[in-house]
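Coordinate analysis (summary)
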Amino acid sequence: MDLLSWLTEPLQYGFLTRALLVTLAAAVVSAVLSCWLILMGWSLMGDAVSHAVLPGVALAYMVGIPFSIGAFLFGAGAVALIGAVRATTKLKPDTVIGVVFTALFAAGLAIVSSTPSQIDLMHILFGNVLGVTDGELWQVLILGAVTLAVVLFKRRDLTLLAFDRTHAHVMGLNTRFLSALLLGLLALSVVVGLQAVGIILVVAMLITPGATAFLLTRSFDRMLVLAVVLTTGAAVSGIYASYYLDISTGAAVVLSQSLIFTAVYLFSRPNGLVWQRQHQQQRRRAHRRRGTAAHLSNASANAKVTATTAAVPEKG
Amino acid sequence: MNLHVLAQDPVQDPALRISGLTVAYSEVLALDAVSLTLDAGLICGLIGVNGSGKSTLFKALLGLLEPQAGTVELFGMAHRQARRSGLVAYMPQAEDVDWNFPVSVNDVVGMGRYGHLGSMRRLRPADHSAVGAALERVGLEHLRKRQIGELSGGQRKRVFVARSIAQEAQLLLLDEPFAGVDRSSEATMTALLRELRDEGRSVLVSTHNLAGIPEFCDTAVLLHQRVLAHGTPEDVLTSGNLARAFGTPGTDN
């Protein structure tokens, strides 16, 4: 079998083309958002929102409305609930997030288990990208496009929010609105990603691409581009791996992203682990060659010279 | 633009007018009926121990917290209006900044222009030249492409001064700007801030480095929940006042 037919064969099936489109849309939207989420320190929030949408999806299927409406309402609701509990207690943020999302996830499980015939829990939890209908494809594409458009339109404000919230406030930007906007976009991208990889793994698409890109560059714009390029590669190779190796699509896509992250973590230059080790060894060898005398004079030169200012010592 | 507004007013509003400002965190009183007026065009040192209310005062000036009582006016305006007009700039403490954030020196200074821009915050040629001029002013134009974490302690501080210059702010609030900065960088910074003062800007600096104050500041405020003293550095930094503000060894505040 030549390469071209190897590549085109899966696409003869309509369901696989739809799967590829849905996965690509979800992966790109999530990757773009992930750049801000990892810089805000909101990775756990992505996990929380994705789990919290379960009751929304279950209820939407029961009532017969598009799954995305139910999922978005519960995702946004979870965010609001977390915000409200945080504002009214002295609990740490991760504690509040943990309490709220597990409660909603359990509620979702309870709803699903009480109506076993109507909803396939496995599909919601682990994705059912091979069974995506045209209607669901359109939901994903439209929501994905809206999310992407809003993110890119507000990207400089969001970057400022992530970098220096106080300065944003000082210049009269509405930081509360921007935070709420980013959380709303997070909920939207969870909804978009659900179909592709399911509730459990959607958070991987919201963290890993941004994290991988962060390791590769020190420029935010380049980070955005890299996250999108890498996630596109992961999505396509995941779909093909799933077809030819006959493994779960969601798992294959997320595993591809993890493999790329691992490769970057180990081998990227100059910050990859392998290169850093090599660099260290080279330095150590050079050190040894220079001998003890040089080593000693070097150490004394490095001794920290502390400025003696006439500062009054502060007391806590 | 802002200079123009100020120039129109022959009797210039004070940079800062605080009256009866009271802030409490649950049961703990952080600021107790603080009243203070700072004239424009001066450098004022805000002195006090940790927990004396310096940071709380800054937060109140920036509208980051709701005081229990009292009012704050910046150039005769409520803080929201002053912020919207881009009159106030804040330099964060070094430990509050994510130095690994993927932004360049140029990006950070460009953020000073956001108040002047449309909703997409796209920098126009005039903004780019304002950013370039601000960087030149603080001597960092050759490092403009560096990621901010790749700068020395003193250079990092100057990036934020450049940002407030690009912003055309008239009141600079600096929180411990000399912490973790070596002597020569501190000298560069104080010279720079004095230049900005000479152009009519007002500067409020919180610091616990008393040695530099008489030389650097025009006025000083000694804070310990209340204003203990306010005046020229010589009047404020008396041993009696310092004993009241910093306490005697053994008595913790």
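Here we summarise the structure given alongside this text. (Residues numbered from 1 in each chain as written. Chains lettered and ligands numbered in written order. Predicted model: local features only at pLDDT ≥ 70, side-chain atom pairs only at ≥ 80, totals over all residues. Heavy atoms only, no water.)

1. Structural notes on the pattern of salt bridges
Our working rule: Any carboxyl oxygen of Asp or Glu that lies within 4 Å of a side-chain nitrogen of Lys or Arg is treated as forming a salt bridge with it. Whether a residue is buried, partly exposed or exposed follows from its accessible area with a 1.4 Å probe, protein chains only, as a fraction of its type maximum: under 20%, in between, or over 50%, in that order.
The full count for this structure, using the stated rule, is 16 salt bridges over all chains. In this structure, Lys154 of chain A engages Asp157 of chain A in a salt bridge whose closest nitrogen and oxygen atoms are separated by 3.4 Å. The class for Lys154 of chain A is buried, based on a relative accessible area of 15%. Between Asp198 of chain B and Arg197 of chain B there is a salt bridge whose closest N-O contact spans 2.9 Å. In the salt-bridge network here, residues are joined through shared partners; they are Arg113, Arg124, Asp127 and Glu168 of chain B.

2. Regarding the sheet that holds strand E3 (residues 43–47) of chain B
Sheets are built from strands that pair by backbone hydrogen bonding, the pairs being arranged parallel or antiparallel. Residue and element names in this part refer to chain B. How we decide: A pair of strands is treated as paired once DSSP finds two or more bridges between them. Helix numbers and strand numbers start at the N terminus; a helix is a DSSP run of H or I with at least 4 residues, a strand a run of E with at least 2. Inter-axis angles, ranging from 0 to 180 degrees, are taken between N-to-C directions of lines fitted to C-alpha atoms, where helices are fitted over the stretch in contact. We call two residues in contact when some of their heavy atoms are within 4.5 Å.
Pairing in this open sheet of 6 strands is mixed, and the strands run E5-E6-E7-E3-E8-E9 from one edge to the other. Each of the sheet's edge strands pairs with one partner strand only, and the pair in question is strand E5 (88–91) and strand E9 (226–231). Neighbour-to-neighbour, the strand axes of this sheet turn through a mean angle of 15 degrees, independent of strand direction. One ladder, built from 5 bridges, connects strand E6 (residues 171–175) with strand E7 (residues 202–207); its direction is parallel. Residue pairing in the sheet places Leu171 in a bridge with Ser202 of E7. On top of the sheet, helix H10 (residues 239–246) reaches E3, strand E8 (219–224) and E9; it is set at about 40 degrees to E8, its chief contact.

3. What to know about the nonpolar core
The test is simple: In plain words, nonpolar cores are sets of buried Ala, Val, Leu, Ile, Met, Phe, Trp, Tyr and Cys residues tied together by side-chain atoms within 4.5 Å.
Counting 130 residues, the largest nonpolar core has Phe163 and Leu186 of chain A together with Leu193 of chain B as the members making the most contacts within it. No other element matches helix H11 (residues 175–216) of chain A, which puts 20 residues into this core. Residue contacts for Leu186 of chain A: discarding those within four places in its chain leaves Leu33, Leu37, Met45, Gly46, Val49 and Leu206 of chain A.

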